[in-house]
Amino acid sequence: MDVLVGDVLVMKKPHPCGSREWKVTRVGMDFKMVCAGCGHQVMIPRSKAEKNIKKILRDGVEV
């Protein structure tokens, strides 16, 4: 899966704040992401993140 820094990931399950969108700030074996709703930062393994991605938005356009 081609995920780049700056992409917005729309996930299958919402964050407890209600937002499903996460902005990617680091890519590697782990993804570092910031919640678009509340600003919470998380690092999760790439394999777990890729399973939960519904769609990828790059510059506001679905990839």
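Counting restarts for each chain: residues are numbered from 1 in the order of the written sequence. Local features in this predicted model are restricted to residues of pLDDT 70 or higher, and side-chain atom pairs are both shown and tallied only at a pLDDT of 80 or more, whereas totals for entire chains, interfaces and linings draw on every residue. Think of the side-chain values as coming from all heavy atoms in the structure, minus any hydrogens and water.

Student: Just give me the short version of the sheet that holds strand E6 (residues 61–62), but keep the residues and values in it.
Tutor: DSSP-based pairing: two strands are paired if at least 2 bridges between them are found. Secondary structure follows DSSP: runs of H or I at least 4 residues long count as helices, runs of E at least 2 residues long count as strands, and numbering of each begins at the N terminus. An order of E4-E3-E2-E1-E5-E6 is seen for the six strands of this open sheet, with the pairing classed as antiparallel. Across the chains shown, the open sheet's two edge strands, defined by having one partner strand only, are strand E4 (41–45) and E6. Where strand E1 (residues 8–11) and strand E2 (residues 21–26) come together, three bridges link them in antiparallel fashion. Residue Val10 lies in a different strand from E2, and its bridge partner there is Glu21.

Student: I'd love a proper account of the nonpolar core, names of residues and values included.
Tutor: Val3, Leu9, Met11, Trp22, Val24, Phe31, Met33, Cys35, Ile44, Ala49, Ile53 and Ile56 together form the largest nonpolar core, which totals 12 residues. When residues of this core are traced back to their parent elements, those giving at least two are E1, E2, strand E3 (30–35) and strand E5 (53–58). For this core, the element with the most residues is E3, which contributes three residues. By the convention used here, residues are in contact when the closest approach between their heavy atoms is within 4.5 Å. Ignoring anything within four residues of it in the chain, the contact list for Val24 reads Val3, Leu4, Val5, Gly6, Asp7, Leu9, Lys32 and Met33. Among buried residues, those of type Ala, Val, Leu, Ile, Met, Phe, Trp, Tyr and Cys that are joined through side-chain atoms within 4.5 Å constitute a nonpolar core. Exposure categories follow from relative accessible area, calculated using a 1.4 Å probe and restricted to protein chains: below 20% of the type maximum is buried, above 50% is exposed, and the middle band is partly exposed.

Student: I'd like to hear about the pairing of E1, residue by residue, with values.
Tutor: Relative to E5, E1 runs antiparallel, the two being bridged by four bridges. Note that in E5 the partner of Val10 across the bridge is Lys55.

Treat this as a map of the structure, not an account of what it does.
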